[in-house]
Amino acid sequence: MEASRDPILQDLIHHEKGVAAKVEEARAEAERIVAQARGEARETIEGARAEAEKLARETAERTLADAAAAREEILAAAHAAADEIAARATARRDAAVGRVVERVLP
């Protein structure tokens, strides 16, 4: 009876060792996959961060350019209004001088 158990026991031990080896291979493969996924995630995060920084820089540059353009428009309109006011003031002064001259020098 013991002799017949030995081959079965040996087969079970051999099978268990094979299963243990397969489990170890699967564990090593899972660790490799996890490490690869972490590396890819890190690269994705770094890429997204770089893209976000680039977009922020571009947005800031566009905002500054838009603000500068708006400032120039406002200054141009203010200069035009100031020139118009100055021209009206000059015309009124000239008209006032003309009236004074008409009254003083008949």
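The structure we're discussing is the one just above.
Residues numbered from 1 in each chain as written. Predicted model: local features only at pLDDT ≥ 70, side-chain atom pairs only at ≥ 80, totals over all residues. Heavy atoms only, no water.

## A word on the overall build of the chain
To keep things clear, this is the line we draw: The numbering of helices and of strands both runs from the N terminus, where a helix is a DSSP run of H or I of at least 4 residues and a strand a run of E of at least 2. Taken over C-alpha atoms, the radius of gyration is set against a globule rule of 2.2 Å times the number of residues to the power 0.38. Shrake-Rupley sampling with a 1.4 Å probe provides the accessible areas, and residues are treated as covered by the protein chains on show and by no other component. When charges are tallied, Lys and Arg are placed among the positive residues and Asp and Glu among the negative ones, while His and the ends of the chain are skipped. A charged residue contributes its charge at one atom only: NZ of Lys, CZ of Arg, CG of Asp or CD of Glu.
Looking only at helices and strands, one finds one helix and zero strands in the chain. Here the C-alpha radius of gyration of the chain, 45 Å, is well above what a compact globule of 106 residues would show, namely 13 Å. Counting only C-alpha atoms and orienting by the principal axes, one finds that the chain spans roughly 155 × 15 × 10 Å. Surface accessibility of the chain: about 9500 Å² in total, with carbon and sulfur atoms responsible for 61%. Positive and negative side-chain charges of the chain, numbering 17 and 22 respectively, have mean locations separated by a distance of 10 Å.

## Quick notes on the pattern of salt bridges
Note the following rule: Basic side-chain nitrogens of Lys or Arg form a salt bridge, by our definition, when they fall within 4 Å of a carboxyl oxygen of Asp or Glu. Whether a residue is buried, partly exposed or exposed follows from its accessible area with a 1.4 Å probe, protein chains only, as a fraction of its type maximum: under 20%, in between, or over 50%, in that order.
Applying the stated criterion across every chain yields a total of six salt bridges. When the shortest N-O distance is used, the salt bridge between Glu84 and Arg88 registers 3.9 Å. Here the residue Glu84 and the residue Arg88 both occupy positions in helix H1 (residues 2-104), the gap between them amounting to four residues, near one helical turn. By relative accessible area, Glu84 is classed as partly exposed at 49%. On the basis of relative accessibility, which here comes to 44%, the residue Arg88 falls in the partly exposed class. Between Asp94 and Arg93 there is a salt bridge, with the nearest N and O atoms lying 3.4 Å from each other. Ionic contacts of the salt-bridge type, sharing partners, join the residues Glu24, Arg27 and Glu31 into one network.

## Quick look at the environment of Asp94
Heads up, the condition is: The definition of a polar contact used here is a pair of N or O atoms within 3.5 Å, where within protein one atom must be able to donate a hydrogen and the other to accept one, and adjacent residues in sequence count solely through side-chain atom pairs.
Checked against the element boundaries, Asp94 lands in helix H1. Engagement of the side chain of Asp94 in a polar contact is seen with the side chain of Arg93, the distance being 3.4 Å.

## Quick look at the environment of Ala20
Along the chain, Ala20 turns up in helix H1. On the basis of relative accessibility, which here comes to 46%, the residue Ala20 falls in the partly exposed class. Sequence separation of Ala20 and Glu58 is 38 residues, and the distance between their C-alpha atoms is 56 Å.

## Some words on a nonpolar patch on the surface
Selection criterion: Residues enter patches when their relative accessible area tops 30% and they take part in no salt bridge; the joining distance is 9 Å for like charges and 5 Å for the nonpolar side chains Val, Leu, Ile, Met, Phe, Trp and Tyr.
Together, Val97, Val100, Val101, Val104 and Leu105 make up a nonpolar patch on the protein surface, roughly 460 Å² of accessible area in all. Among the secondary structure elements, Val100 is positioned in helix H1.

What is shown is where atoms sit, not what they do.
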